[in-house]
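What the coordinates show
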Amino acid sequence: AMARFLADAVRARGDFELLAEPVLSIVGFRYRPAGRGLAEADLDRLNRQIVNRLVGRGTFFLAPTILKGRTAMRTAIVNFRTREDDLRALLDEAARAGREILEG
């Protein structure tokens, strides 16, 4: 249920894209800032940097992966305490990290 919630939340935000429908507890998505016109290679690099920043800050633990030839953020929701607010916070923090990297 949490993976489906995250997939729906990704679809609802204009600056993210779902790269694969959730399978069990795994969701693959990436940050794609609207209106920026970034090349695919730049988006791949940006998403790897977002993962590194989130993990480095200790705020979220997720991993980069390759889906359909593109770098994606891979979440595996395994903690039974995970709530919808946690997943909203993940997207908020990923977007914030993405903006910081692009401005930086």
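In the block above lies the structure referred to throughout.
Structural notes, computed from the coordinates. Please read all numbers here as calculations on a predicted model, not as lab measurements.

Regarding the pairing of strand S4 (residues 70-76)
Two faces belong to every sheet, and in a regular strand the side chains alternate between them. Pairing of strand S2 (residues 26-31) with S4, which is carried by 4 bridges, proceeds in the antiparallel orientation. Residue Gly28 lies in a different strand from S4, and its bridge partner there is Arg74. Judged from the 5 bridges that link them, strand S3 (residues 63-67) and S4 form a sheet pairing that is antiparallel. Residue pairing across strands places Ala63 opposite Arg74, the latter belonging to S4. Counted along the chain from S3 to the antiparallel partner S4, the turn is 2 residues long, and its residue Lys68 has a positive phi close to 55°.

Topic: the packing of helix H1 (residues 2-12) against helix H3 (residues 84-103)
Two elements in contact, H1 and H3, have axes whose closest approach is 10 Å; the angle formed by their N-to-C orientations is 40°. Like other packed secondary-structure pairs, H1 and H3 cross with a definite hand, here right-handed. Contacts from Met2, Phe5, Leu6, Ala9 and Val10 in H1 reach Glu84, Leu87, Arg88, Leu90 and Leu91 in H3. Grouping the amino acids of the contact of H1 with H3 by side-chain chemistry returns 8 nonpolar, no polar and 2 charged.

A closer look at the packing of aromatic side chains
Counted by the stated rule, this structure contains 2 aromatic pairs. Seen in terms of ring centroids, Phe16 and Tyr31 are 5.5 Å apart; in terms of plane orientation they differ by 65°. Their pairing is edge-to-face. Taken as a pair, Phe16 in strand S1 (residues 16-23) and Tyr31 in strand S2 lie far apart in primary sequence, 15 residues in all. Here Phe16 and Tyr31 have matching classes, each one buried. Through pairs of rings, three or more aromatic residues link up here, namely Phe16, Phe29 and Tyr31.

Observations regarding the packing of helix H2 (residues 40-57) against H3
Running from N to C, H2 and H3 point in directions that differ by 115°, and their axes come no closer than 9 Å. At the point where H2 passes H3, the crossing takes the right-handed sense. Contact with H2, carried on its side by Leu46, Gln49, Ile50, Arg53, Leu54 and Arg57, involves Leu90, Glu93, Ala94, Arg96, Ala97, Gly98, Glu100, Ile101 and Leu102 of H3 and no other residues of that element. Among the residues making up the contact of H2 with H3, the classes are represented as 8 nonpolar, 2 polar and 5 charged.

Describing unusual backbone geometry
At Leu24, a residue that is not glycine, the phi angle is positive and equals roughly 55°. Judged by its relative accessible area of 81%, Leu24 falls in the exposed class. One non-glycine residue, Lys68, lies in positive phi territory at about 55°. One can find Lys68 in the loop between S3 and S4.

So, the nonpolar core
Membership of the largest hydrophobic core comes to 25 residues, with the highest contact counts inside it found for Leu6, Phe16, Phe29, Ile50 and Met73. Among the elements that line this core, the one with the most residues is H3, at 7 residues. Not counting residues up to four positions away in its chain, the partners in contact with Phe16 are Val10, Phe29, Arg30, Tyr31, Arg32, Met73, Leu91, Ala94 and Ala95.

Conventions adopted
Residues numbered from 1 in each chain as written. Predicted model: local features only at pLDDT ≥ 70, side-chain atom pairs only at ≥ 80, totals over all residues. Heavy atoms only, no water. Pairing = 2+ DSSP bridges. Helix = DSSP H or I, 4+ residues; strand = E, 2+ residues; numbered from the N terminus. Axes fitted to C-alpha atoms, helices over the stretch in contact; angles between N-to-C directions. Left-handed = near helix turned anticlockwise from the far one by under 90°. Contact = heavy atoms within 4.5 Å. Nonpolar A, V, L, I, M, F, W, Y, C, P; charged D, E, K, R; others polar. Phe/Tyr/Trp six-rings, centres within 6.5 Å; stacked < 30°, edge-to-face > 60°. Buried < 20%, exposed > 50% of the residue type's maximum accessible area, 1.4 Å probe, protein only. Core = buried A, V, L, I, M, F, W, Y, C linked by side-chain atoms within 4.5 Å.

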